[in-house]
Amino acid sequence: MDLTPACPPGVGRGLRDLSPLKGENTGRGDTEVRKLLESPNFGATPQAVRDLERGVVDQRLVAALRVLTKGHRICVQTFKEGHYFLPGVPDGPRIPEGYGKAGGLPNTHYFGRAADVWWVDGKPVEGNATAPGILEVGRILASIPPERRPDQIIGPPRWAEALGYGRNVGWVLAPDQLELHRDHIHIGYIDVSGSDKD
């Protein structure tokens, strides 16, 4: 069993202080959030942990991350807090103009319906798009039943090409978006149905 933390040194920890959850939304979904946070296969930056503890993160996303952590160590850099499409441009409900052709579309991060995974099994996504564990994360996402599967999955071009999934399985394949996601895997829910946050 690999006990290496899910996040690299200085980014976040795989194991964390397991004191009681605090925050405005404690109660709903706390059990699933706690299970995710207690998993040695899950790591997150302090800002991402705060989003989980405050109940900002969509429960479908928590469930998808729990599925991934059953077999892989993943490190989430951002959910909502600290996410920026463009430097110096605060996030809002819409993706800002200038972020590829997606400008003007709903911002799933803003609504707590997206996660950016930057490391898998101790490797950065950038430069390792076709590493076995990183490819397996894509296969696991595709295997989630359609009614629970993220409908916005974006990653490096070589990752998307090697996996070969299409829009019908949730993959966003617009070339500009693949280029903008060379260094991480974005997992999100465009569809608000099933979300208890809206």
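Below: a short report on this structure. (Residues numbered from 1 in each chain as written. Predicted model: local features only at pLDDT ≥ 70, side-chain atom pairs only at ≥ 80, totals over all residues. Heavy atoms only, no water.)

With six of its seven residues buried, strand β3 (residues 114–120) lies for the most part within the structure. In the sheet, β3 pairs with strand β6 (residues 185–188) via four bridges, with the strands oriented antiparallel. Each bridged residue has a counterpart across the sheet, and for V117 the counterpart in β6 is I185. The hairpin formed by β3 and strand β4 (residues 123–124) contains two residues between the paired strands, and D121 there has a positive phi angle of roughly 50°. (Buried < 20%, exposed > 50% of the residue type's maximum accessible area, 1.4 Å probe, protein only. Helix = DSSP H or I, 4+ residues; strand = E, 2+ residues; numbered from the N terminus. Pairing = 2+ DSSP bridges.)

To continue, consider the environment of V56. Summarising the element assignment, V56 is placed in the loop between α2 (46–53) and α3 (59–68). Given a relative accessible area of 16%, V56 falls into the buried group.

Looking now at the state of the cysteines. According to the stated counting rule, one finds one disulfide in the structure shown. Covalently, C7 is tied to C75 through a disulfide, its sulfur atoms 1.9 Å apart. On the sign convention where negative is left-handed, the bridge of C7 and C75, at about 95° about the S-S bond, is right-handed. A residue pair is termed long-range when its members are at least 10 positions apart, and C7 in the segment before α1 (30–38) and C75 in strand β2 (residues 74–78) qualify at 68 residues. On the accessibility criterion, C7 (4% relative accessible area) is buried. (Disulfide = S-S within 2.5 Å.)

Turning our eyes to something else, we now look at the pairing of β2. Of all five residues in β2, four are buried; the element is thus mostly enclosed. Looking at chain direction, strand β1 (residues 42–44) and β2 are connected through three bridges and run parallel. Bridging from a neighbouring strand, G43 pairs with C75 of β2. Pairing geometry for β2 and β3, over four bridges, is antiparallel. Bridge assignment links V76 to a residue of β3, and that residue is V117.

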